Amino acid sequence: MTTSASVPAGPGSATVGQGTVTDRLVDANEQYANAFADPGMDARPVLRVAVVACMDARLDLHAALGLELGDCHTVRNAGGVVTDDVIRSLTVSQRALGTRSVVLIHHTNCGLESLTEEFRHELEMEVGQRPAWAVEAFRDVDQDVRQSMQRVRTSPFLPHTDDVRGFVFDVKTGLLREIDPA
């Protein structure tokens, strides 16, 4: 596995070498675009599945699940939590783009396990405005997966809730562990 985690940067710095990290990404995109060929796909995922997962940089979902470009829709956020916005994305995915299955992936050692809703209060004290969103912190990753599965299964907006499965990805082994919804 290749990683850019060893790229040197100062503490709190967003610079790499002669430019910013964003400059590096734009340069990489230019190289990518030079070799790019339109794959001729539309937005409908080939496998008719949507994957909801944490945004954690340690999760390479396509590699971990054996997916190729065009196979799935991927929705990521802090914790892989099923929020109203995730339901919005899944609704579009199912109703407009044909997905039928939902896979939820949380992971071990998630940053949300060390936060509390006090985080919102601290933000309010710092910036003078309370966030409208919940942190959705949790202590028990298995229970949080169950809660996410329940949110998907009970959403009135999602017509396809019979194939909803939840997993915990182990960041040390790369293995998925399925969570019983009960």
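Everything quoted here is computed from the prediction, not taken from an experiment.

## Digging into the overall build of the protein chain
Right, on to step 1. Helix and strand counts for the protein chain stand at five helices and seven strands.
Right, on to step 2. Put simply, the protein chain runs from its N terminus to its C terminus through helices and strands in the order β-β-α-β-α-β-α-β-α-α-β-β.
Right, on to step 3. The C-alpha extent of the protein chain, read off along each of the three principal axes, is 50 × 50 × 35 Å.
Right, on to step 4. Across the 182 residues of the protein chain, 33% fall into the buried class.
Right, on to step 5. Taking the intrachain contacts of the protein chain between residues at least 6 apart in sequence as the baseline, contacts between residues at least 24 apart amount to 61%.

## Looking at the packing of aromatic side chains
Right, on to step 1. A full pass over the atoms with the stated rule returns one aromatic pair.
Right, on to step 2. For the pair Tyr-32 and Phe-36, a centre-to-centre distance of 5.4 Å together with 45 degrees between the ring planes defines the contact as tilted.

## Here's the deal with the sheet that holds strand 3 (residues 49-54)
Right, on to step 1. Within the open sheet, the five strands sit side by side as 4-3-5-6-7. Their pairing is mixed. Both edges of this open sheet fall to strand 4 (72-77) and strand 7 (176-179), since each of them pairs with a single strand only. In this sheet, adjacent strand axes meet at a mean angle of 25 degrees when their direction is disregarded.
Right, on to step 2. Contacts from helix 3 (residues 84-97) reach strand 3, strand 4 and strand 5 (101-107) within the one sheet, and its direction differs from that of strand 4 by about 170 degrees.

## Remarks on the nonpolar core
Considering soluble globular proteins, one finds that nonpolar side chains tend to be buried as a cluster.
Right, on to step 1. With 23 residues, the main nonpolar core has Leu-90, Leu-104 and Val-152 as its most contacted residues.
Right, on to step 2. Those elements giving two or more residues to this core turn out to be strand 3, helix 3, strand 5, helix 5 (141-153) and strand 6 (164-169).
Right, on to step 3. Looking at this core, the element that brings in the most residues is helix 5, giving four residues.
Right, on to step 4. The contact partners of Leu-90, leaving out residues within four places of it in the chain, are Ala-50, Val-52, Val-102, Val-152 and Leu-158.
Right, on to step 5. If you look at the next biggest cluster of nonpolar residues, it comprises twelve residues, including Val-49, Leu-59, Cys-72 and Val-103.

## A closer look at the pairing of strand 5
Right, on to step 1. Burial of strand 5 is extensive: seven of the seven residues sit out of reach of the surface.
Right, on to step 2. Burial of strand 5 is two-sided: the residues Ser-101, Val-103, Ile-105 and His-107 facing one way and the residues Val-102, Leu-104 and His-106 facing the other way are all buried.
Right, on to step 3. Relative to strand 5, strand 3 is paired through five bridges, and the arrangement is parallel. Within strand 5, the residue paired with Ala-53 across the bridge is Ile-105.
Right, on to step 4. As defined by bridge partners, strand 5 adjoins strand 6 across six bridges and the pair is classed as parallel.

## Section: unusual backbone geometry
Right, on to step 1. Backbone geometry places Arg-48, a non-glycine residue, at a positive phi of 55 degrees.
Right, on to step 2. Note that Arg-48 resides in the loop between helix 1 (21-35) and strand 3.
Right, on to step 3. Classification of Arg-48 as partly exposed rests on a relative accessible area of 42%.
Right, on to step 4. Phi angles above zero are rare outside glycine, and Asn-109 is one such case at about 55 degrees.
Right, on to step 5. Mapped onto the elements of the fold, Asn-109 is located in the loop between strand 5 and helix 4 (118-127).

## Observations regarding the side chain of His-107
Right, on to step 1. Structurally, His-107 can be placed in strand 5.
Right, on to step 2. If sequence neighbours within four positions are ignored, His-107 has contacts with Cys-54, Asp-56, Arg-58, Leu-59, Val-141, Val-168, Phe-169 and Val-171.

## A look at the state of the cysteines
Right, on to step 1. Evaluation of the coordinates by the stated rule reveals zero disulfides.
Right, on to step 2. Residue Cys-110 stays outside any disulfide, its sulfur separated by 4.2 Å from that of Cys-54, the closest cysteine.

## A few points about the environment of Val-135
Right, on to step 1. Here Val-135 is to be found in the loop between helix 4 and helix 5.
Right, on to step 2. A relative accessible area of 9% places Val-135 in the buried class.
Right, on to step 3. Once the C-alpha coordinates of Val-135 and Val-81 are considered, the two residues, 54 residues apart in sequence, prove to be 9.6 Å apart.
Right, on to step 4. Among all residues touching Val-135, those that are not within four sequence positions of it are Leu-112, Leu-115, Thr-116, Glu-117, Phe-119 and Arg-120.

Cut-off values and rules
- Residues numbered from 1 in each chain as written.
- Predicted model: local features only at pLDDT ≥ 70, side-chain atom pairs only at ≥ 80, totals over all residues.
- Heavy atoms only, no water.
- Helix = DSSP H or I, 4+ residues; strand = E, 2+ residues; numbered from the N terminus.
- Buried < 20%, exposed > 50% of the residue type's maximum accessible area, 1.4 Å probe, protein only.
- Contact = heavy atoms within 4.5 Å.
- Phe/Tyr/Trp six-rings, centres within 6.5 Å; stacked < 30°, edge-to-face > 60°.
- Pairing = 2+ DSSP bridges.
- Axes fitted to C-alpha atoms, helices over the stretch in contact; angles between N-to-C directions.
- Core = buried A, V, L, I, M, F, W, Y, C linked by side-chain atoms within 4.5 Å.
- Disulfide = S-S within 2.5 Å.

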